[in-house]
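Here's the letter readout for the chains.
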There are 2 protein chains.
Amino acid sequence: MQKEFDDMLAQQYGIKFNDEKLLDEAFTQASYVNEHPDQGLKFYERLEFLGDAVYQLVVSDYIFERYPEMPQGRLTRLRAAMVNRHSFSRFARECNFEKYIRLGKGEEKAGARNRDSLLCDIFESFIGAVYLDQGLATVQHFCQLVIFPKLDEGWFDEFFDHKTELQEAIQINGPVAIDYQLLDEDGPDNDRQFKVVVVINQESLGTGEGHSKKAAEQAAAKAALDKLGIQDQKLQ
Amino acid sequence: MQKEFDDMLAQQYGIKFNDEKLLDEAFTQASYVNEHPDQGLKFYERLEFLGDAVYQLVVSDYIFERYPEMPQGRLTRLRAAMVNRHSFSRFARECNFEKYIRLGKGEEKAGARNRDSLLCDIFESFIGAVYLDQGLATVQHFCQLVIFPKLDEGWFDEFFDHKTELQEAIQINGPVAIDYQLLDEDGPDNDRQFKVVVVINQESLGTGEGHSKKAAEQAAAKAALDKLGIQDQKLQ
């Protein structure tokens, strides 16, 4: 298993550990350590602590450089979308990390191997181990291969909120009144359609439609962002 | 002022910026940019975003190495004590950063220069600028000079909670009953004294006194930690 894991890391990501014990530690749960008390093993939690901060910096650095005009508020939200436990477990599964975790028998039986929370932890502990063994540049390389392409694949789009985006873009130099007005509402109760216009400084900047007022407002905000040319600051 | 600032950074911290514009950006508030619209200035917020992550990693890395036996939970709490806005404003004042901030006239009049929240932001934006201009090693060097000695000066001690520490140390391999028992209570109402013993697995591990039950419990937990030799894992 260890050999298979080493080969996978080398082939897929070009990573070859100098200190294999760090990699072991990153993939070992406390339950396994407890079952093998004589082997002097360590479990992943401290590496998880470190990996959390390493990953946060690598992501921050990347989006800071990639979106040179993106204001702080949106950078912070994008980072939060990329640095959260939901994303971590998806990344860990993408790398098939669940295969290589060392668990105690009870945890194995309880199905821990496929638990999101464990996969999150392991993703972070892996990053921590790579950082300690290979340095920041190797973590950056790993993220270039595994994480950053997800930006273009739309993994994090759901976290964007066009109304907030518009507000931030418009109010960058101080408060401006942004008004969402309902233009039209029709259709049967189970298929109601709303049409909204967003008005900024008495000027209609975009209209949007949707099955709820909220959805129509989001669509109107998106249209206004497009009209103002602000979409370029977002993803791409 | 710029000259004085450059000299201060060079003399105190050995930092000499390659790109002075980054340093300017780190110390410029939006209000100043708005008052000088023709100068193509940038304000500090994006650097603050980046500096936040840089500082978090530098602190994490340092305490990870310094306390090789400290479990994850306590590392996380110690990091939270060092990476928080209250600490940032103290650091910024320690470095006299308030002198070098560029503010608009209105903000100056409103006393922004000495506002904790602005000083926090500037501390982070400074870290971000140093990272971009000089790299991680220079940020680490700055923290070695300015931040890490504060650990030994007790700046972060208030964040430690002996009862939680004891619980974590004892329960590392699973739940253990920890019982705080009131041994004695006397004195007048305005000077009441409590005495508590902490009992773990039917063994009395420490006693403590205080003017409240809570204080006596903390003292008992501290005594138990000392008896167990766990104090070494804390600070020092």
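Basis of the calculations
Residues numbered from 1 in each chain as written. Chains lettered and ligands numbered in written order. Predicted model: local features only at pLDDT ≥ 70, side-chain atom pairs only at ≥ 80, totals over all residues. Heavy atoms only, no water. Core = buried A, V, L, I, M, F, W, Y, C linked by side-chain atoms within 4.5 Å. Buried < 20%, exposed > 50% of the residue type's maximum accessible area, 1.4 Å probe, protein only. Contact = heavy atoms within 4.5 Å. UniProt positions renumbered as here; feature names shortened; annotations may be inferred. Helix = DSSP H or I, 4+ residues; strand = E, 2+ residues; numbered from the N terminus. Buried area = accessible area lost by both parts, 1.4 Å probe. Salt bridge = Lys/Arg side-chain N within 4 Å of Asp/Glu carboxyl O. Polar contact = N/O pair within 3.5 Å; in protein donor to acceptor, adjacent residues only side chain to side chain. Least-squares fit on C-alpha atoms with pLDDT ≥ 70 in both. Pairing = 2+ DSSP bridges. Axes fitted to C-alpha atoms, helices over the stretch in contact; angles between N-to-C directions. Domains from an automatic or database assignment. Phe/Tyr/Trp six-rings, centres within 6.5 Å; stacked < 30°, edge-to-face > 60°.

1. With respect to the nonpolar core
Move 1: By size, the foremost hydrophobic cluster in this structure holds 118 residues, and its most contacted members are A:Tyr55, A:Phe142, B:Tyr55 and B:Phe142.
Move 2: When neighbours within four sequence positions are excluded, A:Phe142 is seen to be in contact with A:Tyr13, A:Ile15, A:Cys95, A:Phe97, A:Phe123, A:Phe126, A:Ile127 and A:Ile147.
Move 3: Counting 14 residues, the second-largest nonpolar core is a separate cluster that includes A:Phe194, A:Ala216, A:Ala224 and A:Leu225.

2. Comments concerning the UniProt feature "active site" (unreviewed entry) in chain A
Move 1: Per the UniProt annotation, the sites labelled "active site" (unreviewed entry) are A:Asp52 and A:Glu124. Spanning 73 residues, the named residues form one tight spatial group whose C-alpha atoms are at most 5.5 Å apart.
Move 2: Among all residues touching A:Asp52, those that are not within four sequence positions of it are A:Glu124, B:Gln56 and B:Arg79.
Move 3: Mapped onto the fold, A:Glu124 is located in helix H8 (residues 116-134).

3. Brief notes about the interface of chain B and chain A
Move 1: With 29 residues of chain B at the contact, the number on the chain A side is 29 residues.
Move 2: When the two sides are added together, the surface that chain B and chain A hide from each other amounts to roughly 2,700 Å², 59% of it contributed by carbon and sulfur.
Move 3: Between the two partners, chain B and chain A, sit two salt bridges.
Move 4: One can count 18 residue pairs in polar contact (both at pLDDT 80 or more) joining chain B with chain A.
Move 5: Where the side of chain B that touches chain A is concerned, the elements lending two or more residues are helix H4 (45-66), helix H5 (72-82) and helix H8 (116-134) of chain B.
Move 6: In terms of residue count, the dominant contributor to the side of chain B that touches chain A is H4(B) (16 residues).

4. A few points about the relation of the copies chain B and chain A
Move 1: The two copies are related by a screw operation: chain B maps onto chain A through 180° of rotation and 0.1 Å of translation along the axis, at an RMSD of 0.1 Å. The two molecules are tied by a two-fold rotation axis, judged by turn and shift.

5. Section: the side chain of B:Ser31
Residues and elements named next belong to chain B.
Move 1: Relative to the helices and strands, Ser31 is located in helix H3 (residues 30-35).
Move 2: A relative accessible area of 18% means that Ser31 is categorised as buried.
Move 3: Polar contacts involving the side chain of Ser31 include one to the main-chain amide nitrogen of Gly104, which spans 2.7 Å.
Move 4: In this view, Ser31 contacts Leu103, Gly104 and Glu107; residues no more than four positions away in its chain are not counted.

6. Concerning the sheet that holds strand S1 (residues 178-186) of chain B
Residue and element names in this part refer to chain B.
Move 1: The strand order across the open sheet formed by three strands is S1-S2-S3, and the pairing between neighbours is antiparallel. Of all the strands in the sheet, just S1 and strand S3 (203-210) have a single pairing partner and so form its edges. Between one strand axis and the next, the sheet turns through 20° on average, direction left out of account.
Move 2: Pairing between strand S2 (residues 193-200) and S3: seven bridges, direction antiparallel. Looking at the pairing, Val197 lines up with Thr207 of S3.
Move 3: Of the strands in this sheet, S1 and S2 touch helix H11 (residues 162-170), which is tilted by about 145° from S1.
Move 4: Here helix H12 (residues 213-228) sits on the sheet and contacts S1, S2 and S3; the angle it forms with S3, its principal contact strand, is near 135°.

7. Some thoughts on unusual backbone geometry
Residue and element names in this part refer to chain A.
Move 1: With a phi close to 60°, Asn96 is a non-glycine residue in the positive phi region.
Move 2: Within the secondary structure, Asn96 sits in the loop between helix H6 (85-94) and helix H7 (105-109).
Move 3: Among the residues examined, Asn96 registers a relative accessible area of 39% and is labelled partly exposed.

8. Considering the domain arrangement of chain A
Residues and elements named next belong to chain A.
Move 1: For chain A, the domain assignment lists domain 1 (2-159) and domain 2 (162-233).
Move 2: Between the C-alpha centres of domain 1 and domain 2 the distance comes to 38 Å.
Move 3: Summed over both sides, the interface of domain 1 with domain 2 buries roughly 550 Å², with 44% coming from carbon and sulfur.
Move 4: Counting across the domain 1 and domain 2 interface gives one salt bridge.
Move 5: Put simply, Arg74 and Glu165 hold a salt bridge, and the shortest N to O gap is 3.4 Å.

9. With respect to the side chain of B:Arg79
Move 1: Position of B:Arg79 among the secondary structure elements: in helix H5.
Move 2: Apart from residues lying up to four places away in sequence, B:Arg79 is in contact with A:Phe49, A:Asp52, A:Ala53, B:Gln56, B:Val59, B:Ser60 and B:Ile63.

10. A closer look at the packing of aromatic side chains
All names here are of chain B.
Move 1: For the structure shown, the criterion picks out 31 aromatic pairs over all chains.
Move 2: Here Phe27 and Phe126 contribute two aromatic rings whose centre-to-centre distance is 6.1 Å and whose plane-to-plane angle is 75°, an arrangement assigned as edge-to-face. Taken together, the residues span a long stretch of sequence, with Phe27 in the loop between helix H2 (20-26) and H3 and Phe126 in helix H8 at a distance of 99 residues. For the residue pair Phe27 and Phe126, the accessibility class agrees, reading buried in each case.
Move 3: Judged by centre distance (5.2 Å) and plane angle (45°), the rings of Phe91 and Phe123 are tilted. Taken together, the residues Phe91 in helix H6 (residues 85-94) and Phe123 in helix H8 connect sequence positions 32 residues apart.
Move 4: Using a relative accessible area of 0% as the deciding quantity, one classes Phe91 as buried.
Move 5: Overall, Phe123 belongs to the buried group, its relative accessible area being 0%.

11. Some thoughts on the pattern of salt bridges
Move 1: Summed over all chains, the structure comprises 30 salt bridges over all chains.
Move 2: Where A:Asp121 meets A:Arg85, a salt bridge forms, and the shortest distance between an N and an O atom there is 2.8 Å. Here A:Asp121, found in helix H8, pairs with A:Arg85, found in helix H6; they are 36 residues apart in sequence, far enough to count as distant.
Move 3: For B:Glu108, the salt bridge is made with B:Arg113, and the minimal N-O distance between the two is 2.6 Å.
Move 4: By relative accessible area, which is 19% here, B:Arg113 ends up buried.

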